[in-house]
Amino acid sequence: MPTKPANPAKRSTKMSAGQRAEESLRVLISHSRIRARVRQMAQEIRRDFPDEPMHLVGVLKGSILFLADLARELGGEVSFDFISVSSYGKGMDSTGEVKMIKDLDVSIEGRSVLVVEDILDTGLTLKYLLRLFEERKPKHLRVAVLLDKVERRIADVRADYTGFVIPNEFVVGYGLDYDERYRNLPDVCVVRLGPGGKTKVEA
Ligand code: IMP
């Protein structure tokens, strides 16, 4: 007979996700709002591509939870691939330069590709990816982003499907990290540093 799990001591999910004393977190978008919106986004995508096999290209690593939930909501024929690029250093500031770390495993030629991104910030990463993918002649090329920081945009790009437009704050959770921590938080939270609670992006 399976044993009953021990009643875990009451611990804050945030602390167990690796929160440091000098960092404060505030929930911006709860997991239940995310779930509801991801379901709606999947419906919008299926409305546009009712019977099409969809090839989801996740941008590592921030998109993985979003991609996993979106894929389950999409239904129909769905395949995955992943690409890894870097534009950020260890902290909150973008270097502005996009570098390929890992390319796709399979060709996207003739396929209906949905690029799945966690967040659109300056847009430089997406601009780089769209240019790269367009050259590979997909049948359709669309973009789904969970979060959009419209105010921060530098590159002239936009997503076809957007979960939430958010203010210019550094966010973590639901796949997004700060120094590789917080990806496992169920909610999207604003992270602030220091007693003044000022984020570097606002400085
Ligand atoms: P962009 O090229 O400036 O649009 O940045 C896109 C990438 O930057 C995203 O895929 C994230 O990995 C990262 N990023 C931008 N803003 C945030 C944030 O607020 N939290 C965590 N990562 C972010």
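Calculation criteria
- Residues numbered from 1 in each chain as written.
- Predicted model: local features only at pLDDT ≥ 70, side-chain atom pairs only at ≥ 80, totals over all residues.
- Heavy atoms only, no water.
- pLDDT = per-residue confidence, 0-100.
- Contact = heavy atoms within 4.5 Å.
- Near = heavy atom within 4 Å.
- Polar contact = N/O pair within 3.5 Å; in protein donor to acceptor, adjacent residues only side chain to side chain.
- Areas by Shrake-Rupley, 256 points an atom, 1.4 Å probe, with all protein chains shown as cover.
- Helix = DSSP H or I, 4+ residues; strand = E, 2+ residues; numbered from the N terminus.
- Nonpolar A, V, L, I, M, F, W, Y, C, P; charged D, E, K, R; others polar.
- Expected span 1.5 Å × (residues − 1).
- Buried < 20%, exposed > 50% of the residue type's maximum accessible area, 1.4 Å probe, protein only.
- Core = buried A, V, L, I, M, F, W, Y, C linked by side-chain atoms within 4.5 Å.
- Axes fitted to C-alpha atoms, helices over the stretch in contact; angles between N-to-C directions.
- Parallel < 35°, antiparallel > 145°, perpendicular 65-115°, else oblique.
- Left-handed = near helix turned anticlockwise from the far one by under 90°.
- Salt bridge = Lys/Arg side-chain N within 4 Å of Asp/Glu carboxyl O.
- Pairing = 2+ DSSP bridges.

Let's shift gears to the confidence of the model for the protein. Taken over all residues, the pLDDT of the protein has a mean of 89, while the share at 70 or more is 83%. In this model, residues 198-203 is a region of pLDDT below 50 whose contacts with residues beyond four sequence positions or in other chains number 15 contacts.

Once that is clear, we can look at the site of the ligand. If you check the shell around the ligand, you find 16 residues, and the closest are Asp118, Thr122, Gly123, Thr125 and Val171. The contact in question runs from an oxygen atom of the ligand to an N or O atom on the backbone of aspartate 121, over 2.9 Å. Threonine 122 has a polar side-chain atom sitting 2.5 Å from an oxygen atom of the ligand. Protein chains bury 91% of the 490 Å² of accessible surface belonging to the ligand in isolation. Mapped onto the shell around the ligand, the elements with two or more residues apiece are β5 (112-120) and α4 (124-134). The residue inventory of the shell around the ligand, partitioned by class, reads seven nonpolar, three polar and six charged.

What follows is about helix α2 (residues 31-48). Here α2 spans 26 Å end to end across 18 residues, near enough to the 26 Å set by a 1.5 Å rise per residue. Those residues of α2 that sit buried are Ile34, Arg37, Val38, Met41, Ala42, Ile45 and Arg46.

A word on the nonpolar core. In this structure, Phe66, Leu70, Leu114, Leu146 and Leu147 are the most contacted members of the largest nonpolar core, which totals 28 residues. Those elements giving two or more residues to this core turn out to be α2, β2 (54-60), α3 (64-74), β5, β6 (140-148), β7 (161-165) and β9 (188-193). Those residues in contact with leucine 70 that lie beyond four places of it in its chain are Val38, Met41, Ala42, Ile45, Leu114, Val116 and Ala144. Within the second largest apolar cluster, 21 residues are counted, among which are Val57, Leu126, Leu129 and Ala155.

This part takes up the packing of α2 against α3. Running from amino to carboxyl end, α2 crosses α3 at an angle of 55 degrees, the nearest separation of the two axes being 9 Å. Judged by the angle between their axes, α2 and α3 are oblique. As α2 runs across α3, the sense of the crossing is right-handed. Judged by residue contacts, Arg35, Val38, Arg39, Met41, Ala42, Ile45 and Arg46 of α2 engage Phe66, Asp69, Leu70, Glu73 and Leu74 from α3. Of the residues in the contact of α2 with α3, the class split is seven nonpolar, no polar and five charged.

Further remarks concern the pattern of salt bridges. A full pass over the atoms with the stated rule returns 16 salt bridges. We note a salt bridge from lysine 102 to aspartate 105, for which the minimum N-O separation is 3.3 Å. On the basis of relative accessible area, lysine 102 is assigned to the partly exposed category, the value being 28%. The shortest N-O distance in the salt bridge between aspartate 177 and arginine 183 comes to 3.5 Å. Through salt bridges with shared partners, one network takes in Lys61, Asp177, Glu180 and Arg183.

The next subject is the sheet that holds β9. Spatially, the three strands line up as an open sheet ordered β1-β9-β8, and their pairing is antiparallel. Of all strands in the sheet, those bounded by a partner on one side alone are β1 (23-29) and β8 (171-172). Summarising the sheet, β8 and β9 pair through two bridges and their orientation is antiparallel. Paired with valine 172 across the strands is cysteine 189, a residue of β9.

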